[in-house]
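For reference, the chains in residue letters:
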Amino acid sequence: MIDPKISVLMPVYNSEKYLAEAIDSILNQTLKDFELLIINDGSTDFSLEIAKSYAEKDLRVSILKNTRSKGVAGALNTGLQVARGKYIARMDADDISFPERFQKQFDFMEKNPDIDVCGSWYELFGFNGGVIKTPSSHKEIKETLVFYCCIGHPSVMIRGSSLYVCDLEYSEKYPNAEDYEFWCRVTDRFKFANIPEILLKYRVHENQTGFAKKKEQDNTADKVRIRNLNKIGVSLTNTEQSIYLNIIKYRYDFNSTTDMISACEIMEKIRIAGLKYGYGSKFRQIISEHLSNISQTGIRSGRTSLKLFFGIFLKNGVFTTNRAKIRYFYHSMRNIFNV
């Protein structure tokens with residue numbers, strides 16, 4: 001049997017509402033040489049019956065079964081054990097791939113043999129709309145991953161040989177953030193890219209992980225974020241970790257000017273460590289964005305500081321205009337003299 005160009009891994013758990021539309025979007029791809037591995041992860045609804053109806057009509061569709069739910073990571077690992085394709089494509093049971101997605105990613109990977117993981121921009125639909133424009137280059141992706149997951153998991157195509165040579169699989173210890181953990185774990189061995197084009201429609205609805213298990217997902221991702229800092233030599237106390245993780249989630253509700261100063265000093269510590277590790281403009285940009293938001297929060301709350309103005313904000317290019325610079329300095333002076 002000739003191996004297919006692409007093995008598509010689609011974990012399914014109680015996805016009867018959207019499953020047919022997701023499968024149709026794969027079977028209607030302009031690139032036809034693939035196998036679709038549907039991993040039924042212990043569904044209790046009619047998902048399995050829907051999947052079987054497609055497998056009976058199309059030889060490219062195969063069904064793998066987990067007798068109990070192992071989660072997305074466990075389901076993907078089940079699929080990886082039998083996947084035969086040169087490339088491994090991800091797909092969720094509630095999303096929609098554009099017809100040309102596989103062809104464009106396949107061509108990109110063939111033309112760029114140094115790339116191990118290729119994602120794309122994607123469009124949100126359902127409860128929320130909009131377009132997620134992820135960074136394109138490996139350097140920007142690697143630097144962004146320190147703080148955020150910037151690779152749409154259901155949009156990716158992975159070079160199979162890269163996985164198998166390194167004997168890699170998803171970790172089941174990071175539920176609901178297994179993709180973010182995986183990318184960060186292999187960031188020094190894999191080269192990433194995102195095609196700057198919308199190739200996937202990402203459905204936002206009440207039953208998906210982002211809604212149903214938001215807190216658990218955040219907590220798991222936070223463990224990865226702290227691990228990322230440790231990797232570049234940044235060690236934070238429990239209190240500092242809490243402050244940092246709030247900043248990364250755009251929560252700037254500080255109780256005092258002292259807390260605000262501590263927050264900025266933490267970000268400055270991370271910036272300096274990142275420079276030593278070789279991180280560049282994207283890394284600095286993310287930090288500068290958060291420092292800018294903190295400076296605006298300080299003005300609104302009356303918690304400005306000349307120490308931050310001279311020691312951190314000017315150094316990081318937080319003030320993009322002279323007016324912004326003068327405004328913060330003015331409010332800092334007012335606080336000193338209680339005007």
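Residues numbered from 1 in each chain as written. Predicted model: local features only at pLDDT ≥ 70, side-chain atom pairs only at ≥ 80, totals over all residues. Heavy atoms only, no water.

Engineer: Mind laying out the overall build of the chain, listing which residues take part and the relevant values?
Structural biologist: When its secondary structure is counted, the chain shows 14 helices and nine strands. Each principal axis of the C-alpha atoms in the chain carries an extent, and together these give about 80 × 40 × 35 Å. The burial tally for the chain puts 52% of its 339 residues in the buried class. At a minimum sequence separation of 6, the contacts of the chain that also span at least 24 residues come to 77%. Split by element, the accessible area of the chain, about 16,000 Å² in all, is 51% carbon and sulfur. (Helix = DSSP H or I, 4+ residues; strand = E, 2+ residues; numbered from the N terminus. Buried < 20%, exposed > 50% of the residue type's maximum accessible area, 1.4 Å probe, protein only. Contact = heavy atoms within 4.5 Å. Areas by Shrake-Rupley, 256 points an atom, 1.4 Å probe, with all protein chains shown as cover.)

Engineer: Before we move on, can you summarise unusual backbone geometry with the specific residues and values?
Structural biologist: If you check the backbone angles, Asn-14 has positive phi at about 50° while not being a glycine. Of note, Asn-14 is situated in the loop between strand S1 (6-12) and helix H1 (19-27). In the Ramachandran plot, Asp-167 falls in the positive-phi region, its phi being about 55° despite a non-glycine side chain. Within the secondary structure, Asp-167 sits in the loop between helix H6 (160-165) and helix H7 (178-185).

Engineer: Please give an account of the packing of helix H10 (residues 238-248) against helix H11 (residues 257-277) that cites residues and values.
Structural biologist: At a minimum axis separation of 10 Å, H10 and H11 run at an interaxial angle of 85°. With respect to their mutual orientation, H10 and H11 come out roughly perpendicular. Along its contact with H10, which presents Glu-240, Ile-243, Tyr-244 and Ile-247, the element H11 presents Ser-262, Ala-263, Ile-266, Met-267, Lys-269 and Ile-270. Partitioning the contact of H10 with H11 into residue classes produces seven nonpolar, one polar and two charged. (Axes fitted to C-alpha atoms, helices over the stretch in contact; angles between N-to-C directions. Parallel < 35°, antiparallel > 145°, perpendicular 65-115°, else oblique. Nonpolar A, V, L, I, M, F, W, Y, C, P; charged D, E, K, R; others polar.)

Engineer: I'd like a description of the pattern of salt bridges, backed by residues and values.
Structural biologist: Across all of its chains, the model carries 19 salt bridges by this definition. The salt bridge partner of Glu-21 is Arg-203, with a shortest N-O separation of 2.9 Å. Of this pair, Glu-21 sits in helix H1 while Arg-203 sits in strand S9 (residues 192-204), placing them 182 residues apart in sequence. Since its relative accessible area comes to 40%, Glu-21 is described here as partly exposed. Take Arg-203: its relative accessible area is 9%, and that puts it in the buried class. Salt-bridge contacts for Asp-188 lead to Lys-231; the nearest nitrogen and oxygen are separated by 2.8 Å. Of this pair, Asp-188 sits in the loop between H7 and S9 while Lys-231 sits in helix H9 (residues 214-231), and the two are 43 residues apart along the sequence. Overall, the relative accessible area of 35% leaves Lys-231 in the partly exposed class. One salt-bridge network, in which partners are shared between bridges, spans Asp-3, Glu-35 and Arg-84. (Salt bridge = Lys/Arg side-chain N within 4 Å of Asp/Glu carboxyl O.)

Engineer: Which residues make up the pairing of strand S2 (residues 34-41), and what values go with them?
Structural biologist: Of all eight residues in S2, eight are buried, a share of seventy percent or more. Burial along S2 is two-sided: the face carrying Phe-34, Leu-36, Ile-38 and Asn-40 and the face carrying Glu-35, Leu-37, Ile-39 and Asp-41 are both buried. In terms of strand pairing, S1 meets S2 through seven bridges, oriented parallel. Residue pairing in the sheet places Ile-6 in a bridge with Phe-34 of S2. In this structure, S2 lies alongside strand S3 (residues 61-66), joined through six bridges in parallel fashion. Within S3, the position partnered with Leu-36 by the bridge is Val-61. (Pairing = 2+ DSSP bridges.)

Engineer: Account for the nonpolar core, naming residues and giving values.
Structural biologist: In this structure, Phe-147, Tyr-244, Ile-270 and Phe-313 are the most contacted members of the largest nonpolar core, which totals 37 residues. Looking at this core, the elements with two or more residues in it are H9, H10, H11, helix H12 (281-301) and helix H13 (306-313). The element contributing the most residues to this core is H11, with eight residues. Every residue in contact with Ile-270, bar those within four places of it in the chain, is listed here: Phe-147, Leu-229, Ile-232, Val-234, Tyr-244, Phe-283 and Ile-287. Val-12, Ile-23, Cys-118 and Leu-124 belong to the second-largest nonpolar core, a separate cluster that totals 33 residues. (Core = buried A, V, L, I, M, F, W, Y, C linked by side-chain atoms within 4.5 Å.)

Engineer: Before we move on, can you summarise the environment of Ile-39 with the specific residues and values?
Structural biologist: Residue position: Ile-39 is located in strand S2. Of the residues examined, Ile-39 reaches a relative accessible area of 0% and is grouped as buried. In sequence terms Ile-39 and Phe-329 are 290 residues apart; their C-alpha atoms lie 59 Å from each other. Here Ile-39 is in contact with Leu-9, Met-10, Pro-11, Val-12, Leu-64, Asn-66, Ala-75, Thr-78 and Gly-79, once residues within four sequence places are set aside.

Engineer: An account of H9 is needed here, citing residue identities and associated values.
Structural biologist: Spanning 18 residues, H9 covers 26 Å between terminal C-alpha atoms, matching the ideal 26 Å at 1.5 Å per step. Three or more residues of H9 are buried, namely Asp-218, Thr-220, Ala-221, Asp-222, Val-224, Arg-225, Ile-226, Asn-228 and Leu-229. Buried residues in H9 make contact with helix H5 (138-145), H7, H10 and H11. Looking at the residues trailing H9, positive phi occurs at Gly-233, about 85°. (Expected span 1.5 Å × (residues − 1).)

Engineer: Before we move on, can you summarise the packing of H12 against helix H14 (residues 322-337) with the specific residues and values?
Structural biologist: For the pair H12 and H14, the least separation of the axes is 10 Å and the interaxial angle reads 45°. By the angle between their directions, the pair H12 and H14 is classed as oblique. By crossing handedness, the relation of H12 to H14 is classed as left-handed. Across the interface between the two elements, Ser-295, Gln-296 and Ile-299 from H12 touch Arg-327, Tyr-328 and His-331 from H14. The residue inventory of the contact of H12 with H14, partitioned by class, reads two nonpolar, three polar and one charged. (Left-handed = near helix turned anticlockwise from the far one by under 90°.)

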